[in-house]
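# Commentary on secondary and tertiary structure
Now for the letters of each chain:
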Amino acid sequence: MTDRNVRRHAARMADRLEPGEHLTKVESVTGPLKDGAVPDGPVVGAADTIAKRFRNEVQREQPWLLCVTDRRLLFTWITARPIDRTVPLDDVLGLERLGRRGLGVRFSIHLRDGSHLDFAATKKAFSRLSDALGGFPAG
């Protein structure tokens, strides 16, 4: 059975999917957060990391729909804007729960190049994203 958020946003996402790509999870998140709790580690200062490009190209602390497909993570605005961002699923190493933020949680998406992106979401949204991405530990 299809997830309620997937059904709700499927028509809106149809033009953003590649031919044959299937939407498996859609959750609302806020980010990327300004004050990342996890340093970039060995890639500090590197301008060509996935996270640095993402942070440089988008407004911070904005509402996004994080869409998990069978091929990638798709970050898109809730309202139509031409700045969707994608990360291939092969580049996602996992999610790490960083702590509470109001009624939700802060979490980090760790990427293969050693960088990360920090977001906030509800606890349920974080749990569902973790499950959709292969059951990474929920922290």
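Everything here concerns the structure above.
Report follows, based on the coordinates. Here the residue index of a chain counts from 1 through its sequence in written order. Only residues with pLDDT of 70 or above have their local features reported here, since the model is predicted, and side-chain atom pairs are shown and tallied only from 80 upward, although totals for entire chains, interfaces and linings are computed over all residues. Each side-chain value is worked out from all heavy atoms of the structure, with water and hydrogens disregarded.

## Quick word on the nonpolar core
Of all hydrophobic cores here, the largest spans 25 residues; its most connected members are Leu73, Phe75, Phe107, Ile109 and Phe119. Secondary structure follows DSSP: runs of H or I at least 4 residues long count as helices, runs of E at least 2 residues long count as strands, and numbering of each begins at the N terminus. Broken down by element, this core gets its largest block of residues, 4 residues, from strand S6 (residues 104-111). Contacts are assigned to residue pairs that have any heavy atoms within 4.5 Å of one another. Among all residues touching Phe75, those that are not within four sequence positions of it are Phe54, Trp64, Leu65, Leu66, Asp84, Arg85, Val87, Ile109, Leu117 and Phe119. Buried Ala, Val, Leu, Ile, Met, Phe, Trp, Tyr and Cys residues that are joined via side-chain atoms within 4.5 Å together make up what is termed a nonpolar core. The rule is simple: take the accessible area with a 1.4 Å probe, protein chains only, and divide by the maximum for that residue type; under 20% is buried, over 50% is exposed, in between is partly exposed. If you look at the next biggest cluster of nonpolar residues, it comprises 7 residues, including Val6, Met13, Leu23 and Leu74.

## Here we look at a positive patch on the surface
Each patch is built from residues that are more than 30% exposed by relative accessible area and take part in no salt bridge. Like charges join if they lie within 9 Å; nonpolar side chains (Val, Leu, Ile, Met, Phe, Trp, Tyr) join within 5 Å. Each accessible area is a Shrake-Rupley result for a 1.4 Å probe, and residues are judged covered by the shown protein chains and nothing else. The term salt bridge refers to a pairing of a side-chain nitrogen on Lys or Arg with a carboxyl oxygen on Asp or Glu at a separation within 4 Å. Counting rule applied: Lys, Arg positive; Asp, Glu negative; His and chain ends not counted. Note on charges: their place is set at NZ of Lys, CZ of Arg, CG of Asp or CD of Glu. The grouping of Arg4, Arg7, Arg8 and Arg12 at the surface amounts to a positive patch. With respect to the helices, strands and loops of the structure, Arg7 is situated in helix H1 (residues 4-13).

## Some remarks on H1
When we look at burial in H1, the residues that qualify are Asn5, Val6, His9 and Met13. With its buried residues spanning 95° around the axis, H1 presents them on a single face. Exposed positions of H1 whose direction lies more than 90 degrees from the buried face are Arg4, Arg8 and Ala11. The arc refers to the directions leading from the helix axis to the C-beta atoms.

## Overview of the pairing of strand S3 (residues 72-77)
With 6 of its 6 residues buried, S3 lies for the most part within the structure. A two-sided burial pattern is seen for S3, the buried positions comprising Arg72, Leu74 and Thr76 on one face and Leu73, Phe75 and Trp77 on the other. If DSSP finds at least two bridges between two strands, the strands pair. Pairing of strand S2 (residues 62-69) with S3 involves 5 bridges; the strand directions are antiparallel. Paired with Trp64 across the two strands is Trp77, which belongs to S3. Counting the residues that bridge the hairpin from S2 to S3 gives 2 residues. Pairing of S3 with strand S4 (residues 85-88) involves 4 bridges; the strand directions are antiparallel. Its bridge partner being in S4, Phe75 is matched across the sheet by Arg85.

## Focus: the pattern of salt bridges
Counted under the stated rule, the structure contains 4 salt bridges. With a closest N to O distance of 2.9 Å, Arg16 and Asp84 form a salt bridge. Note that Arg16 is positioned in the loop between H1 and strand S1 (23-31) and Asp84 in the loop between S3 and S4, a separation of 68 residues in sequence. Here Asp84 falls in the partly exposed class, since its relative accessible area comes to 23%. For Glu21, the salt bridge identified is with Arg72, shortest N-O distance 2.7 Å. Separated by 51 residues along the polypeptide, Glu21 in the loop between H1 and S1 and Arg72 in strand S3 bring together distant segments of the chain. Both residues of the pair, Glu21 and Arg72, count as buried.

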